[in-house]
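Each chain, letter by letter, is given below.
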Amino acid sequence: MSAETHPVPQDFRARIGPDELAALRRAFDADPDAFWLDQAQRLDWEKAPSQAGDWSFAEEGFAIRWYGDGQLNLSVNCLDRHLPAHGDRTALIFEADEPGTGRTVTYRELYEETCRFANLLKQRGIARGDRVMIYMPMIPEAAAAMLACARIGAIHSVVFGGFSPESLAGRIKDCDACCVITADEGVRGGKYIPLKRNVDTALEMGDVPTVIVVKRTGEDVPMKHGRDIFYEDWRGALATDCAPEAMNAEDPLFILYTSGSTGKPKGVVHTTGGYAVWAATTFDWIFDCREDDIFWCTADIGWITGHSYVVYGPLMNRATSVMFDGVPNYPDFGRFWETIDRLGVTIFYTAPTAIRALEREGDNWVTRHKRSSLRLLGTVGEPINPDAWEWYWRVVGDGRCPVVDTWWQTETGGILISPFPGATPMKPGSATQPLPGITAELVDAEGKTLDGAASGNLVLTSSWPGQMRTVWGDHARFFETYFSTYRGKYFTGDGCRRDEDGYYWITGRVDDVINVSGHRIGSAEVESALVSHRKVAEAAVVGFPHDIKGQAIYAFVTLNAGEEGNDDLRKELIQEVRHDIGALAAPDKIHFTPALPKTRSGKIMRRILRKIAEGETQGFGDTSTLADPSVVDALLTGRQ
Ligand code: PRX
């Protein structure tokens with residue numbers, strides 16, 4: 001790891017410099033409640049909160065509450081309050097797959113679209129507390145759909161368009177949704193994605209009363225009478241005003257499904273007030289966004305990054321946010337930089353996997369575009385290797401734009417560890433330090449707190465407003481997943497090193513979650529897809545290092561007696577995973593083996609499988625507990 005420190009670039013001026021940052025930290029230390037109530041004042045409250053946090057991590061059945069007696073509406077905070085003075089300001093720049101074919105949407109237009117959508121939802125009988133699935137491309141109507149749910153108090157659950165119908169069906173069932181909002185098709189990288197048809201397939205496994213279809217390509221799609229309606233057929237008749245519901249701070253705002261180490265994806269629940277405060281605060285602190293900035297976060301709204309930093313964070317701060325419906329390599333590898341020049345993007349936030357993939361194509365793709373509008377760069381989703389960081393800093397940012405490496409999770413609602421661009425010296429590969437209000441610790445396997453420079457597991461010892469509140473429908477799982485490993489502490493699932501300067505270096509997941517191109521994949525989900533194939537007896541899935549994706553999926557598979565492992569079967573198994581989960585979870589390697597390494601009690605020793613997947617031939621540690629130690633030799637000969 002590089003230990004070189006980059007100071008804040010001399011010409012970079014931010015609202016928060018070293019003194020302001022120190023003052024924020026002091027304010028939190030002096031009086032946490034006052035600090036958090038102060039942050040809440042960024043928002044317009046229907047009823048201002050008098051309390052900050054009320055929480056405990058130690059007891060099962062506990063609740064985490066923030067701003068408990070406050071009332072607000074998040075769509076009002078994103079839209080209405082900006083209209084009197086800034087209605088004509090651009091809220092969203094839609095950048096479509098084909099460069100230059102997008103459009104801009106002002107705050108007033110987005111307000112009207114949101115109200116139309118909200119009125120349509122109401123006409124279809126959808127009310128406060130109902131769950132609405134959103135399975136859409138990155139078009140402005142998708143943001144309007146999210147905001148419309150927030151306006152009427154319905155709980156949205158956005159599902160990334162790359163997930164299969166099976167995955168969508170599982171989520172619809174889990175949260176008992178009553179409506180799906182989708183588009184006829186999506187277009188990405190010149191390819192068409194049959195969103196409506198996927199929805200139809202999903203609904204064969206469990207129907208809903210209403211499907212709203214936005215026309216993106218105009219493709220002729222089947223419509224089920226009474227259930228499916230085209231948004232455009234109704235739009236003209238819908239009122240452009242809709243009274244907002246006054247929501248309690250702790251009313252759920254959205255559910256977002258994410259993978260864990262065990263079982264099926266869990267519905268992470270975020271509530272209204274705390275999430276809003278944290279998304280608004282972190283957007284302001286870390287991106288230093290001002291009136292003349294154009295902010296571009298390349299994430300899809302199907303992920304938490306898209307929720308917090310494409311839609312809610314920017315809109316609450318009255319920013320101009322780019323909604324990108326394309327991919328980094330279409331029409332060519334210069335897409336990001338061409339778009340930055342054309343739109344005048346000043347702040348750019350993307351994933352290490354995209355940076356590594358573009359770095360590999362050579363500097364020319366970057367340097368042929370000016371990028372002179374850029375002033376701040378950011379990354380999120382996985383550890384960034386120092387080489388890729390240096391390239392981003394030196395080639396993309398010409399050595400003048402701070403790089404904010406932001407660590408956070410679906411569960412945290414917003415950024416928790418990151419440099420402040422105007423205040424924190426950067427070390428390539430380190431997310432630097434916890435934000436004011438965030439109390440991080442490193443612990444060893446027994447839960448002992450480690451002081452000073454150390455390596456251990458990353459935990460958080462106190463709550464913050466953006467913390468998830470529960471797993472939808474399964475509060476016991478919430479406790480079990482996050483608070484049972486280290487009693488009284490929130491366990492992130494990440495390993496981490498802290499250096500002598502107190503900088504944090506996230507080393508990646510220490511549980512059975514695999515981070516493929518910044519997407520979280522649970523090994524249990526992939527295993528269950530593999531064993532659903534009739535020829536498969538058992539499967540064990542681990543991650544292995546990959547130059548571009550960060551990690552890729554390595555699957556060990558044992559077959560039923562008499563079956564032969566060959567390339568055709570490999571293809572079938574990959575197809576099975578695509579079908580059950582989506583292309584993003586497809587294994588890179590499938591290794592047929594006569595047996596898996598198990599302890600005498602039948603537990604698979606993943607530690608050994610990880611080493612084999614990483615290409616090691618020795619150093620497997622203590623293998624004496626294996627029921628059959630010869631399994632290791634068999635595995636080594638069959639490596640992919
Ligand atoms: O392992 C960490 C990694 O991504 C995980 C969270 O994934 P997800 O919930 O999908 O959210 C991704 C976007 C917020 C974390 O547990 N991760 C995220 N950001 C970083 C990171 N690892 C290292 N450095 C980061 N900046």
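For clarity, every value in this text was computed on a predicted model and none was experimentally measured.

### Regarding the site of the ligand
In step 1: Asp405, Thr406, Thr410, Asp494 and Arg520 are the nearest of the 17 residues found near the ligand.
In step 2: Take arginine 520: an N or O atom from its side chain is 2.7 Å from an oxygen atom of the ligand.
In step 3: In isolation the ligand exposes 550 Å². Once the protein is present, 96% of that is buried.
In step 4: Here the shell around the ligand is composed, by residue class, of six nonpolar, six polar and five charged.

### Considerations on the environment of serine 462
In step 1: Summarising the element assignment, serine 462 is placed in the loop between strand S23 (454-460) and strand S24 (470-471).
In step 2: Exposure remark for serine 462: the relative accessible area of 14% places this residue in the buried category.
In step 3: Between the alpha carbons of serine 462 and lysine 549 there is a distance of 33 Å; along the sequence they are 87 residues apart.
In step 4: When sequence neighbours within four positions are dropped, the list of residues in contact with serine 462 reads Trp55, Phe57, Gly437 and Thr439.
In step 5: Among the polar contacts listed, one links the side chain of serine 462 to the side chain of threonine 439, at a separation of 2.5 Å.

### A look at the pattern of salt bridges
Opposite charge on two side chains allows them to pair when their charged atoms are near.
In step 1: Enumeration over the complete set of coordinates arrives at 42 salt bridges.
In step 2: For aspartate 44, the salt bridge is made with arginine 81, and the minimal N-O distance between the two is 3.7 Å. In this pair, aspartate 44 is assigned in the loop between helix H2 (32-40) and strand S1 (53-54) and arginine 81 in the loop between helix H3 (74-78) and helix H4 (83-86), connecting sequence segments 37 residues apart.
In step 3: Here arginine 81 falls in the partly exposed class, since its relative accessible area comes to 24%.
In step 4: Between arginine 103 and glutamate 141 there is a salt bridge whose closest N-O contact spans 3.2 Å. With arginine 103 in strand S5 (residues 103-106) and glutamate 141 in helix H6 (residues 140-152), the pair connects residues that are 38 residues apart, well separated along the chain.
In step 5: In the salt-bridge network here, residues are joined through shared partners; they are Lys196, Asp200, Asp207, Lys224, Arg227 and Asp228.

### A short note on the pairing of strand S31 (residues 589-592)
In step 1: Here strand S30 (residues 550-559) runs beside S31; their pairing, made up of four bridges, is parallel. Among the inter-strand pairings, valine 557 is bridged to a residue of S31, identified as phenylalanine 592.
In step 2: With respect to chirality, the unit in which S30 leads through helix H18 (residues 567-580) into the neighbouring parallel S31 is right-handed.

### Quick notes on the sheet that holds strand S22 (residues 449-450)
In step 1: Taken together, five strands build an open sheet; the order of strands is S22-S21-S23-S25-S26 and the sheet is antiparallel. Because the sheet does not close on itself, it has two edges, and the strands there are S22 and strand S26 (504-509).

### Some remarks on the UniProt feature "binding site: CoA" (unreviewed entry) in the protein chain
In step 1: Feature annotation in UniProt assigns "binding site: CoA" (unreviewed entry) to the following positions: Arg188, Gly189, Gly190, Lys191, Thr305, Asn329, Ser517 and Arg578. Their sequence span is 391 residues, while the largest C-alpha to C-alpha distance among them is 24.0 Å; these annotated residues do not converge on one region.
In step 2: With respect to the helices, strands and loops of the structure, asparagine 329 is situated in the loop between strand S17 (321-324) and helix H12 (335-343).
In step 3: A relative accessible area of 42% places asparagine 329 in the partly exposed class.
In step 4: With respect to the helices and strands, the residue serine 517 is situated in the loop between strand S27 (513-516) and strand S28 (519-522).

### Notes on the pairing of S17
The side chains of a regular strand alternate between both faces of the sheet.
In step 1: Alternating positions in S17 separate into two faces, Ser321 and Met323 on one and Val322 and Phe324 on the other, with burial throughout.
In step 2: With four bridges connecting them, strand S4 (residues 90-95) and S17 associate as parallel partners. Across the sheet, the residue bridging to phenylalanine 94 is methionine 323, located in S17.
In step 3: The parallel pair strand S16 (residues 295-297) and S17, bridged by helix H11 (residues 304-316), forms a crossover whose chirality is right-handed.

### Quick word on unusual backbone geometry
Excluding glycine, residues mostly carry a negative phi; peptide bonds, for their part, are mostly trans.
In step 1: Cis geometry is found at the peptide bond from tyrosine 330 to proline 331, where omega equals -5 degrees.
In step 2: Note that proline 331 resides in the loop between S17 and H12.
In step 3: Residues other than glycine seldom take positive phi values, yet aspartate 288 does so here, at roughly 50 degrees.
In step 4: Within the element layout of this structure, aspartate 288 appears in the loop between helix H10 (272-287) and S16.
In step 5: Note on aspartate 288: relative accessible area 2%, which makes it buried.
In step 6: Positive phi, close to 60 degrees, is recorded for arginine 318, a residue that is not glycine.
In step 7: Considering the arrangement of structural elements, one finds arginine 318 in the loop between H11 and S17.

### Remarks on the sheet that holds strand S19 (residues 376-380)
In step 1: Taken in spatial order, the seven strands make up an open sheet running S5-S4-S17-S16-S18-S19-S20, and their pairing is mixed. For this open sheet the edge positions go to S5 and strand S20 (403-406), each flanked by a neighbour on one side alone. Taking the axes of each pair of neighbouring strands and ignoring which way they run, one obtains an average angle of 20 degrees across the sheet.
In step 2: The pairing of S16 with strand S18 (residues 347-350) spans three bridges and is parallel. Of the residues in S18, the one forming a bridge with cysteine 297 is tyrosine 349.

Conventions used here
- Residues numbered from 1 in each chain as written.
- Predicted model: local features only at pLDDT ≥ 70, side-chain atom pairs only at ≥ 80, totals over all residues.
- Heavy atoms only, no water.
- Near = heavy atom within 4 Å.
- Polar contact = N/O pair within 3.5 Å; in protein donor to acceptor, adjacent residues only side chain to side chain.
- Areas by Shrake-Rupley, 256 points an atom, 1.4 Å probe, with all protein chains shown as cover.
- Nonpolar A, V, L, I, M, F, W, Y, C, P; charged D, E, K, R; others polar.
- Helix = DSSP H or I, 4+ residues; strand = E, 2+ residues; numbered from the N terminus.
- Buried < 20%, exposed > 50% of the residue type's maximum accessible area, 1.4 Å probe, protein only.
- Contact = heavy atoms within 4.5 Å.
- Salt bridge = Lys/Arg side-chain N within 4 Å of Asp/Glu carboxyl O.
- Pairing = 2+ DSSP bridges.
- Right-handed = clockwise from strand over helix to strand, strands pointing away.
- UniProt positions renumbered as here; feature names shortened; annotations may be inferred.
- Axes fitted to C-alpha atoms, helices over the stretch in contact; angles between N-to-C directions.

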